[in-house]
Amino acid sequence: MKVEFENKNRVDISMYQYDYGQQLEITGVDLPDEFELHVSVGTGRAEVVKGHFANGTGTVLLPDIALRQSVTSFDCWLFDKKECQGTTLRTIRIHLNRREYPSDVPCIDDLPKVKEYADYVKENAELVSYAKTVGDELKKLAENGAFNGKDGAAGPQGPKGEKGEPGTTDYNSLEHQPIVELEVEEGTNIADFHIGLWKMKSDVMITDSENSQVYLCAGDIVKIYGVVADDIEFTSAYSILSADWSAVGNIDDPIAQSLIINKNDLLTLTDDTLNDKSDFPVSNKAVTTELNSLKTKIERPSQFYFSPKTNTEYRFGTIYSPVAELEMDNGFAFGSDFISGLVFVSGETPTEFTYSKNIKFTGDDCNDNVFVPTAEKIYDIVFWSNDCGLQAVVRGVDR
């Protein structure tokens, strides 16, 4: 915003309320290399910002707090500070064009975070552009035959490694594993199987750890465990699920018997579409989806209104005057398992929190089950339902 003095002691300019990020470019007055701009912000004390003067122009960033005032105009003073004293050089009067608080303007407290996100996007956009350039160059080389060379001859095969010691696994650490089809030679001992799930490709006779013969049919699934229980090591505990859904095992110990898989477990395991690569300690997408649904969701509404949903926390920034109102939907649906949260900051003017549901509030700033926010407080509220209806507990701390 240009400010031209031309031998005047005061200049009047106009700006829009909430139009943050305004930089003043001042001409027509000699200023020190570094000067101060004192801005009236309605608190009784001026907001002081530093400015710089070079090539006949002074530049200074107007503080955003000045543009959210509910006034028709406010004054700024150009100030030359020298040690313990200073001189007011000129006055700038800014007339504010009032307007409603825009829904797409972030809270003043969130502006540093928004700038951080913008810088992050810019940085990654540059990386994407560089990656595209490299990709285009590689594509061009490939089209010109740069990568059409033939594979070299295979090297000699190394010697066969020695067989390792049988592993052991605590039962509590066993997880679902993918089923692998396996072609087994006649007479193979069960101890030669690795821990895991193995599906027989064909009919075969094998032996167990006691050299008893076990006949497996094509399609049978063998689950191999390494189990330590009561200091007794089972190096080849196994269970078999046959095609007719009968289950057998070679261990009579109750702990080992508990390892025998049942039909429902196998139906889940054999469905390849359910195998999951997530970091959850279960490898079943249906279970993963259910666990995700239980996580608390965080929402940051752009307007001062919300309709509560279960397992959702609504976070608002500071609610400033003159729009110091926060409205809760009076028609939201809730069940017996309903639980939701709300976080907001009541600004200089106490927030007017409106709701029509018969909610029983307890906690800070609550009287007779009615919640009335006070100024300059951070509130954290939890809503839930029980047999007595909707309940809420309020925790409020000073800013």
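This write-up is about the structure you can find in this document. (Residues numbered from 1 in each chain as written. Predicted model: local features only at pLDDT ≥ 70, side-chain atom pairs only at ≥ 80, totals over all residues. Heavy atoms only, no water.)

## Some words on the nonpolar core
Ranked by internal contacts, the top residues of the largest apolar core, which has 27 residues, are L24, I26, L37, L62, F74 and I92. Discounting residues that sit within four places of it in the chain, I92 has contacts with V3, F5, V11, I13, L24, I26, F74, D75 and C76. (Core = buried A, V, L, I, M, F, W, Y, C linked by side-chain atoms within 4.5 Å. Buried < 20%, exposed > 50% of the residue type's maximum accessible area, 1.4 Å probe, protein only. Contact = heavy atoms within 4.5 Å.)

## Some details on the environment of G396
Assignment of secondary structure puts G396 in strand β26 (residues 389-398). Considered as a pair, G396 and K377 are 19 residues apart in the sequence and their alpha carbons are 6.2 Å apart. Setting aside its immediate chain neighbours within four residues, G396 contacts D364, K377, I378 and Y379. (Helix = DSSP H or I, 4+ residues; strand = E, 2+ residues; numbered from the N terminus.)

## What to know about the environment of E325
Mapped onto the elements of the fold, E325 is located in strand β19 (residues 325-328). Taking C-alpha positions, E325 is 5.5 Å from T351, a pair spaced 26 residues apart along the chain. Residues within four places of E325 in sequence aside, it is in contact with F304, I319, T351 and E352.

## Re unusual backbone geometry
A positive phi is found at Y18, a non-glycine position, where the angle reads about 70 degrees. Locating Y18 in the fold gives a position in the loop between β2 (10-16) and β3 (23-27). Y18 sits in the buried class, given a relative accessible area of 4%. Look at N55: it is not a glycine, yet its phi comes out positive at around 55 degrees. Here N55 shows up in the loop between β5 (47-54) and β6 (57-61). The exposure class assigned to N55 is exposed, which follows from its relative accessible area of 81%.

## Things to note about the side chain of S346
Mapped onto the elements, S346 comes out in strand β20 (residues 339-346). Its relative accessible area of 0% is what places S346 among the buried residues. Side-chain polar atoms of S346 contact the backbone nitrogen of T351, separated by 2.9 Å. For S346, the side chain forms a polar contact with the main-chain oxygen of T374, separated by 2.8 Å. The residues contacting S346, other than those within four sequence positions of it, are T351, P373, T374, A375, E376, K377, Y379 and R399. (Polar contact = N/O pair within 3.5 Å; in protein donor to acceptor, adjacent residues only side chain to side chain.)

## Observations regarding the pairing of strand β25 (residues 377-386)
Only one face of β25 is covered, namely the face carrying K377, Y379, I381, F383 and S385; the face carrying I378, D380, V382, W384 and N386 is uncovered. Pairing analysis gives eight bridges linking β20 to β25, with the strands arranged antiparallel. When the bridges of β25 are listed, G341 appears paired with V382. The loop that links β25 with its antiparallel partner β26 comprises two residues. (Pairing = 2+ DSSP bridges.)

## What about the packing of aromatic side chains?
Counted under the stated rule, the structure contains 12 aromatic pairs. Pairing F371 with Y379 gives two aromatic rings, centres 5.1 Å apart and planes at 75 degrees, and the pair type is edge-to-face. The exposure classification of F371 matches that of Y379, with both residues buried. Three or more aromatic residues joined by ring pairs form one cluster here, namely F344, F353, Y355, F361, F371, Y379 and F383. Here the guanidinium or amino end of R90 rests over the ring plane of F5, the centre of that ring lying 6.0 Å away. (Phe/Tyr/Trp six-rings, centres within 6.5 Å; stacked < 30°, edge-to-face > 60°. Lys NZ or Arg CZ within 6 Å of the ring centre and 35° of its normal.)

## A look at the sheet that holds strand β17 (residues 305-306)
Pairing in this open sheet of three strands is parallel, and the strands run β17-β19-β21 from one edge to the other. Unpaired on one side and paired on the other, β17 and β21 (352-354) mark the two borders of the sheet. Relative to β21, β19 runs parallel, the two sharing three bridges. When the sheet's bridge partners are listed, E327 is paired in β21 with T354.

## Brief notes about the side chain of T188
Within the fold, T188 resides in the loop between β9 (179-182) and β10 (196-200). In terms of polar contacts, T188 uses its side chain to reach the backbone carbonyl oxygen of E185, at 2.7 Å.

## So, the pairing of β2
The side chains of a regular strand alternate, residue by residue, between the two faces of the sheet. Residue alternation in β2 divides its side chains into a buried set, V11, I13 and M15, and an unburied set, R10, D12, S14 and Y16. Sheet topology places β2 next to strand β8 (residues 85-97); seven bridges connect them, and they run parallel. Within β8, the residue paired with M15 across the bridge is L96.

## Quick notes on the pattern of salt bridges
Applying the stated rule across the entire model yields eight salt bridges. Residue D136 is joined to K132 by a salt bridge in which the shortest nitrogen-to-oxygen separation is 3.1 Å. One end of the pair, D136, and the other, K132, are both in helix α1 (residues 111-143), four residues apart, so they sit about a helical turn from each other. Across the pair R315 and E313 runs a salt bridge whose closest N-O atoms are separated by 2.5 Å. The class of R315 is partly exposed, set by a relative accessible area of 31%. (Salt bridge = Lys/Arg side-chain N within 4 Å of Asp/Glu carboxyl O.)

Function cannot be read off these values alone, since they describe shape.
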